[in-house]
Amino acid sequence: MSARPDRTPLPRSFYDRPVLTVAPDLLGRVLVRRTPDGPIELRITEVEAYEGEADPGSHAYRGRTARNASMFGPPGHAYVYFIYGMWFSVNLVCGPVGQASGVLLRAGEITVGAELARKRRLSARRDAELAKGPARLATALDIDRSLDGTDLCAGPSSPLSLLAGTATPSDQVSVGPRTGVGGDGAHHPYRYWITHDPTVSPYRAHAPRRRST
């Protein structure tokens, strides 16, 4: 019989490490989203790391802006951004203050509050698809730009927090290039996922968006 997932909130020191150390260590951890309708919990199964100003694929590559300010710290906060004029994605900020880095949450398994997630993800054919991809994850958990900068270490009053859960052994972690990232950051092996987990999203290489003529 396997042990139950650890419900201990992760401390700020967990995030205050190099992003390539934090990213694989997030697999199996539990993200808690507290909504007015009740909590939703997600076991993290897929992530991508971004190294900030050292990483051409990062939003912070060209420096600090109003949009990406949360990436510059403190660690243990959320960075939420709007993409393609339609969707939100959520990252967990890592490393010391002033050195922008974060981990994009790409996919997970809804373990609590699936009925709430289903109401927001009506197109999902099965529960494994509720949070299969970063935009679907944010939609299922009712995460939008209003949660940018949220402190995950603020305790039960925070709308977002992270529990220890069950860390994934390294021999069950797969590594590969990030999905949909182009240019000089395309081939960085910064995507991590739990091998063979059904909630992990499919890999897609970067496809340049067509410009209207």
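Since this is a predicted model, take the numbers as computed values, not measurements.

Next up on the list: the overall build of the chain. The secondary structure content of the chain amounts to four helices and nine strands. Secondary structure of the chain in N-to-C order comes out as β-α-α-β-β-β-β-β-α-α-β-β-β. Relative to a compact globule of 213 residues, whose C-alpha radius of gyration would be 17 Å, the chain shows 16 Å and is just as compact. Taking the principal axes of its C-alpha atoms as reference, the chain extends roughly 50 × 40 × 35 Å. Taken across its 213 residues, the chain has 49% of its residues classed as buried. Within the chain, contacts between residues at least 6 apart in sequence are counted, and of these 62% link residues at least 24 apart.

It is worth spelling out the nonpolar core at this point. One finds Leu 26, Val 47, Leu 105, Ile 110 and Leu 162 to be the most contacted residues of the largest nonpolar core, which totals 42 residues. If you tally residues by element for this core, the top one is strand 3 (residues 38-50), at five residues. Excluding residues within four positions of it along the chain, Leu 162 makes contact with Thr 8, Pro 9, Leu 10, Phe 14, Tyr 15, Leu 26, Arg 29, Val 30, Leu 31, Ile 44, Leu 92 and Leu 152. Among the nonpolar cores identified, the runner-up in size contains ten residues, and Ala 60, Tyr 79, Leu 104 and Val 181 belong to it.

This structure, assessed with the given rule, holds 15 salt bridges. The partner of Arg 106 in a salt bridge is Glu 46, with the nearest N and O atoms 2.9 Å apart. Here Arg 106 is found in strand 6 (residues 102-112), whereas its partner Glu 46 is found in strand 3, with 60 residues between them in sequence. For the pair Arg 106 and Glu 46, one class covers both residues: buried. Where salt bridges share partners, they join Glu 46, Glu 48, Arg 106 and Arg 191 into one cluster.

Conventions adopted
Residues numbered from 1 in each chain as written. Predicted model: local features only at pLDDT ≥ 70, side-chain atom pairs only at ≥ 80, totals over all residues. Heavy atoms only, no water. Helix = DSSP H or I, 4+ residues; strand = E, 2+ residues; numbered from the N terminus. Rg over C-alpha atoms; globule rule 2.2 N^0.38 Å. Buried < 20%, exposed > 50% of the residue type's maximum accessible area, 1.4 Å probe, protein only. Contact = heavy atoms within 4.5 Å. Core = buried A, V, L, I, M, F, W, Y, C linked by side-chain atoms within 4.5 Å. Salt bridge = Lys/Arg side-chain N within 4 Å of Asp/Glu carboxyl O.

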